Amino acid sequence: MKNALAACSLALVLGACAQTPATAPSAMTTSSLVSLDTRTLAAYDWRLTDGRDAQGRELTLLGVGTDSPVRLAFSDKTLQVLGGCNAQFGGYALAAGQLQAQGLAATMKACSPDLMQRDQAMAGLLKHPLAAKVSGQPGEPILELKSQSGDVLRFAGQPTPETLTGSQGVVEFLEVAPQTVACSHPLIADHRCLNVRERQYSAAGVLAPAAGPWHPLYDAIRGYTHHEGTATILRVKRYDWKNPPADASSVLYVLDLVVQQGR
């Protein structure tokens, strides 16, 4: 099998390379305006939708309009910068309407020149304090960052799974069979589901023999696209909705890592 674990040792990656909040937030409401604070920053994943310099020219190096523009992810103390070649991560401070990245480090992959330039451009912007403000309603906030030289970046916020569901994700490993299976759906004729079974890894990162049965997964896995004929093992996070949407599942699955693919 091809192995997708490149950034950490197998045991560490299977355990907890991804950070999660210490406590689950409350389910998202739409009763008030958003405000600029660490709670708001951590409640959303921020995707760059517009970036311009002081003369109004688009900052094309940051990937605006592409499938992978710069993205920001916050906890109450940490910042991750994604969307380029390497993930950048570190701390941040928020005070008096300014955002200051602190001690940014990065992974060390080599990629295409455009992605490497994207990393460099964003790292350069984050070296200095950025004027920050948030506008809009919960569910559709906009984060605006402005550099001292007049560059303006605007990020659209998408609620994190924790914000949407009001619960903390639980890590699970799912093996996805190469072929989907027919399954019933009240609204979709001839519906097909992923065929999955749970898997377990030892503390040393060794895959244990399969024990559980295969079964159709009626819920989609956010962030995962299945390719018919390809077997996969996924690390996912399972979230239980505190207030499930009407006529929808009470569970939300989110892809955390493709552990193994193909065989």
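Since the structure is predicted, the reported quantities are computational estimates derived from the model, not experimental observations.

Conventions used here
Residues numbered from 1 in each chain as written. Predicted model: local features only at pLDDT ≥ 70, side-chain atom pairs only at ≥ 80, totals over all residues. Heavy atoms only, no water. Disulfide = S-S within 2.5 Å. Helix = DSSP H or I, 4+ residues; strand = E, 2+ residues; numbered from the N terminus. Buried < 20%, exposed > 50% of the residue type's maximum accessible area, 1.4 Å probe, protein only. Contact = heavy atoms within 4.5 Å. Salt bridge = Lys/Arg side-chain N within 4 Å of Asp/Glu carboxyl O.

Chemist: So what about the state of the cysteines? Which residues, and what values?
Modeler: With the rule as written, the count across this model stands at two disulfides. Covalent S-S linkage joins Cys85 and Cys111, the inter-sulfur distance amounting to 2.1 Å. Judged by the sign of its S-S torsion, about 70°, the bond between Cys85 and Cys111 is right-handed. Of this pair, Cys85 sits in the loop between β4 (78-82) and β5 (88-95) while Cys111 sits in the loop between β6 (98-106) and α3 (113-125), and the two are 26 residues apart along the sequence. Judged by relative accessible area, Cys85 falls into the buried class, the value being 4%. The residue that forms a disulfide with Cys183 is Cys193, at a sulfur-sulfur distance of 1.9 Å. Here Cys183 and Cys193 share a disulfide; its torsion about the S-S bond, 85°, makes the bridge right-handed. Taken together, the positions of Cys183 in the loop between β11 (181-182) and β12 (192-199) and Cys193 in strand β12 put the pair ten residues apart, joining distant regions of the chain.

Chemist: Tell me about the side chain of His191, and name the residues and values.
Modeler: Structurally, His191 can be placed in the loop between β11 and β12. Overall, the relative accessible area of 19% leaves His191 in the buried class. Once residues lying within four places of it in the same chain are set aside, the contact partners of His191 are Val181, Ala182, Cys183 and His185.

Chemist: Got a sec to walk through the pattern of salt bridges? Specific residues and values, please.
Modeler: According to the stated counting rule, one finds nine salt bridges in the structure shown. As a salt-bridge pair, Arg52 and Asp50 come within 3.2 Å of each other at their nearest N and O atoms. For Arg52, a relative accessible area of 33% corresponds to the partly exposed category. We note a salt bridge from Asp50 to Arg154, for which the minimum N-O separation is 3.6 Å. Taken together, the residues Asp50 in strand β2 (residues 44-52) and Arg154 in strand β9 (residues 152-159) connect sequence positions 104 residues apart. Since its relative accessible area comes to 16%, Asp50 is described here as buried.

The values are spatial; any link to function lies outside them.
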